[in-house]
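# Structure assessment
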Amino acid sequence: MNDFVNGFWPIWISTITLGGIAFCVGLLIFASRVKVPLDSDNTNGHEWDGIKEMNNPLPMWWVGLFIITVIFGLTYLYLFPGLGTYNGKFGWSEVKQYEAEVAKNNAKIAPLYAKYAAMPVEEVAKIPEARDIGKRIFLNNCAACHGSDAKGSRGFPNLTDNDWLYGGSPDTIKLTINNGRNGIMPPMAAAVGSEEDVKNVANYVLSLSGSIHDSGRANAGKDKFVVCAACHGPEGKGNQAIGAPNLTDNIWLHGQGEAAIIKRIHEGKNNVMPAWKEKFSPEQIHLLTAYVWGLSNK
Amino acid sequence: MSDIKQNAVNKTTIPEQEVVLSLYKSADKIYARSVSGLFNNWRWVMVWATQLFFYGVPWLQWDGRQAMLFDLDAKRFYIFGLIFHPQDLIYLSFLLIVSALSLFLFTAIAGRLWCGYTCPQTVYTEIYMWMENKIEGDRIARMRLDDSKWNLNKLTRKSLKQFAWIAFGLWTGVTFVGYFSSIRELVPNIVNWQLGGWETFWICFYGFATYGNAGYMREQVCKYMCPYARFQSAMFDDDTMIVTYDEARGEPRGARSKKAGENANGLGSCIDCSICVQVCPTGIDIRKGLQYECIGCGACIDACDDVMDKMGYAKGLIKYSTQNGITNRWSRQQMLQRLLRPRVIIYTTILLALTIGMVVSLYFKPDFRLDVLRDRAVMSRYTDEGMIENVYNLKLENDTEAVHDYALKVTGLEGLVVHFADENSQDFKGLRPFETRNVVIELELPDGVTRAGSHKIFFEMTDLQTSEAVKEKSVFIVPSN
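Keep in mind the model is a prediction, meaning the values are calculated, not measured.

With that settled, the discussion passes to the overall build of chain A. Scanning chain A from N- to C-terminus turns up 13 helices and six strands. Taken over the C-alpha trace, chain A has a radius of gyration of 35 Å; the compact-globule value for 298 residues is 19 Å, which it surpasses by more than 25%. Taken across its 298 residues, chain A has 38% of its residues classed as buried. Here the contacts in chain A between residues at least 6 apart in sequence split such that 59% fall between residues at least 24 apart. Surface accessibility of chain A: about 17500 Å² in total, with carbon and sulfur atoms responsible for 61%. Taking the 27 positively charged and 28 negatively charged side chains of chain A as two groups, their mean positions are separated by 5 Å.

To continue, consider the UniProt feature "transmembrane region" (unreviewed entry) in chain A. Residue and element names in this part refer to chain A. UniProt feature "transmembrane region" (unreviewed entry): in the numbering of this structure it lies at residues 7-31 and 60-80. As annotated, residues 7-31 comprises 96% helix and 0% strand, and the C-alpha atoms at either end are separated by 36 Å. Helix makes up 95% of residues 60-80 and strand 0%, with an end-to-end C-alpha separation of 30 Å.

Let us now look at the interface of chain B and chain A. On the chain A side, the residues contacting the 34 residues of chain B number 35 residues. Taken over both partners, the interface formed by chain B and chain A buries close to 3200 Å², and the fraction arising from carbon and sulfur atoms is 52%. For the pair chain B and chain A, the number of links is two salt bridges. Measuring nitrogen to oxygen at the nearest pair gives 2.8 Å for the salt bridge that ties A:Lys151 to B:Glu442. When residues of the side of chain B that touches chain A are traced back to their parent elements, those giving at least two are β1 (19-21), β2 (24-25), α10 (219-225), β12 (387-398) and β15 (436-446) of chain B. When the residues that make up the side of chain B that touches chain A are grouped by side-chain class, the tally is 14 nonpolar, ten polar and ten charged.

This part takes up the pairing of strand β3 (residues 51-54) of chain A. All names here are of chain A. Taken together, the three bridges between strand β2 (residues 43-48) and β3 define a ladder with antiparallel strand orientation. Following the sheet pairing, Thr43 is matched in β3 by Met54. Joining the antiparallel neighbours β2 and β3 is a turn of two residues, in which Asp49 adopts a positive phi near 55°.

This part takes up the confidence of the model for chain A. Low pLDDT means the predicted atomic positions in that stretch should not be read closely. With 98% of its residues at a pLDDT of 70 or more, chain A has an overall mean of 89. Of all secondary-structure elements in chain A, the lowest mean pLDDT belongs to strand β1 (residues 36-38) of chain A, at 77, while helix α7 (residues 170-179) of chain A reaches the highest, 95.

Below, the discussion takes up the UniProt feature "domain: Cytochrome c" (unreviewed entry) in chain A. The UniProt entry lists residues 129-209 and 216-296 of chain A under the feature "domain: Cytochrome c" (unreviewed entry), expressed in the numbering used here. Taken end to end, residues 129-209 of chain A has its terminal C-alpha atoms 39 Å apart, with 56% of it in helix and 6% in strand.

Among the nonpolar cores identified, the biggest contains 36 residues, and B:Val243, B:Val279, B:Ile286, B:Cys300, B:Ile301, B:Ile318 and B:Tyr320 are the most heavily contacted of them. Listed by contribution, the elements that provide at least two residues to this core are α4 (113-118), β8 (242-245), α13 (275-279), α14 (299-311) and β9 (318-321) of chain B. The leading source of residues in this core is α14(B), at eight residues. Other than its neighbours up to four places away in sequence, B:Ile318 contacts B:Val243, B:Thr244, B:Tyr245, B:Cys276, B:Ile286, B:Cys300, B:Ile301, B:Cys304 and B:Asp305. Within the second largest apolar cluster, 31 residues are counted, among which are A:Ile109, A:Phe138, A:Leu139 and A:Trp276.

It is worth spelling out helix α7 (residues 152-178) of chain B at this point. The terminal C-alpha atoms of α7(B), which comprises 27 residues, lie 38 Å apart, in line with the 39 Å expected from a rise of 1.5 Å per residue. Where α7(B) is concerned, the buried positions are B:Lys154, B:Lys158, B:Lys161, B:Ala164, B:Trp165, B:Gly169, B:Thr172, B:Gly173, B:Val174, B:Thr175, B:Val177 and B:Gly178.

Let us now look at the sheet that holds strand β5 (residues 68-71) of chain B. Adjacent strands of a sheet pair through backbone hydrogen bonds, lying either parallel or antiparallel. All names here are of chain B. Taken together, three strands build an open sheet; the order of strands is β5-β6-β7 and the sheet is antiparallel. In this open sheet, the two edge strands, each paired with only one partner strand, are β5 and β7 (82-84). Here the strands of the sheet are splayed against their neighbours by 15° on average, with no regard to which way each runs. Two strands pair when backbone bridges link them, and β5 and strand β6 (residues 76-79) are joined in this way by four bridges, in the antiparallel orientation. Bridge pairing in β6 links Met68 to Ile79.

The rules behind the values
Residues numbered from 1 in each chain as written. Chains lettered and ligands numbered in written order. Predicted model: local features only at pLDDT ≥ 70, side-chain atom pairs only at ≥ 80, totals over all residues. Heavy atoms only, no water. Helix = DSSP H or I, 4+ residues; strand = E, 2+ residues; numbered from the N terminus. Rg over C-alpha atoms; globule rule 2.2 N^0.38 Å. Buried < 20%, exposed > 50% of the residue type's maximum accessible area, 1.4 Å probe, protein only. Contact = heavy atoms within 4.5 Å. Areas by Shrake-Rupley, 256 points an atom, 1.4 Å probe, with all protein chains shown as cover. Lys, Arg positive; Asp, Glu negative; His and termini not counted. Charge placed at Lys NZ, Arg CZ, Asp CG, Glu CD. UniProt positions renumbered as here; feature names shortened; annotations may be inferred. Buried area = accessible area lost by both parts, 1.4 Å probe. Salt bridge = Lys/Arg side-chain N within 4 Å of Asp/Glu carboxyl O. Nonpolar A, V, L, I, M, F, W, Y, C, P; charged D, E, K, R; others polar. Pairing = 2+ DSSP bridges. pLDDT = per-residue confidence, 0-100. Core = buried A, V, L, I, M, F, W, Y, C linked by side-chain atoms within 4.5 Å. Expected span 1.5 Å × (residues − 1). Axes fitted to C-alpha atoms, helices over the stretch in contact; angles between N-to-C directions.

Spelled out as structure tokens, the structure:
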């Protein structure tokens, strides 16, 4: 009910709710006092289109149920939120209930994870049962970006090769999953120079991994690569401390070829991997880490 | 009972007067007189049939388990050889539609057959009334007992009745829970006082509902709670068989001596004994015509036929007849001819089609499920070898109680190669009962084989034991650059 920022709406809701209940009670009391004039054939004189209204009094137990319903409604509104901004006696909320259920579930599965949590990641990755648990977490949460087979696609890193932007040690993987990553390549075209310079640098980058390139342009671009070297290193081997990709292997996160590289130099790229530590318990992250580590360390 | 007297008085003899009444009134207790006869026998046949089923079925065994068990914990519903899962909800919808249509059909033909003979409310009321009758006696005896002061006789009879009612109600509760929680474990658990909380709750709840509804609420349920009473009139027409009073023959009603003969003093055949009102479980007077309270139980027919017999008159003053039959004085033959009217034929046709459809689809229902989840983030990509690759997540569920092996085939596009992404789950062999296996598959196609875009492909899973096959559609995407 915190969505109501305007003071009018909580009052409006409360008035309608309580007014509705009051109306029902009033109707019940009013109707219990009204007397119906009755003809000898058990009709009350109302007639419409040949249909006569008969006197069929409501049974008392029904009235009892009605009163019980009203009492239930008022008790409910006292205990739980329902009247404008009033939070209810119990202070119940969906978020609290969700958190309580997550906690309950985590407590239930804790024993299952406990024995793996005590083992190093490398050991856990060898146990098929543990890998299966990790795989299920992966399929439900990570596969949306990295693919069900963890091989990624353009813009989403392949986790099954041994090429790591930030490093592939168990601790680094765990850190990545916990806190997420934010890889930034700024647009560099202005720093590199003219459009020709950009093209030359692109060809130099291609030459680093032995890809098809124009060697003349590559030689011309070598000097301009200095501005790139700040992150990617003088030899273009990248820097795992800041997540700068290695340009000398043949793995291309954002596409292969001259055009793709020129585009990156022009536009830069902001790559985001979200943090997961809020969603999972440390034991679950431990198993997930083992699964991911195991993908490239068989 | 004042109602009856009021009805019996000829309207024209007293001037209309205004009586003031409240809109609320305690319901009058109905002391239904016990009755015997053809329709009552039919009701007892249905009571035995439905109750033998209800109390008996949970005890039947099938393949070493309870034949009919709705296992909510495991989310599996066993009905003899058939096993249903929550995803088979469609069959429940089918069943409900068939039930609803049957209700329409039977109502169109012969009114409230369901209410009068098979509705649990009627059936349990019949059983509870039988117990009441055995312990407290018939109508007059019961009225006298209720009016009398408390003494040993009244105390004994009343407590005996309560004991019988509560015991029967509780056993109903136990049986009900026995459909959801294995009854062969449930009953010993009761004896050993080891019931779970929910089991105890539902036994008591269902037991109390039976006791309250069949012992006390009775006709109140039909009159005030049941929605069917309210919309049944939409299913009636002038050719619907209903319990009717033959007004032309019966009126003017009046008491007479047996010797006086059927139509003495200008009277009709109704001797105004009011027995039809006394036997009515909902306390109505059928001689006022069709009313929504009438559950079509036929008790008044049995009672009236009995009286007619004793008076030496022809039976059938109150009978199953149609509105047209009564107005036009049709014979039974003529009324039956109107049975094949469009509404009945349409209902029957739809009902038959649905029933056959349901049986056939149940017969061909595969014993395993295959879900193909195509990776959406990874639309399509190139492998290092230059192959086009799409990723799929297959979920295979063995829905049987035995271990099964399956074989996968992918069709629809020439040259597709199946590649298992994870050596952990390379195949579909040895799926345990009810096991779900998640297998990630990459499909590879050489570049340039076909045009860019989306191609329809099929995953065919075959059960190696039964040769049963399931075919699931998906797509393979070839990138344009």
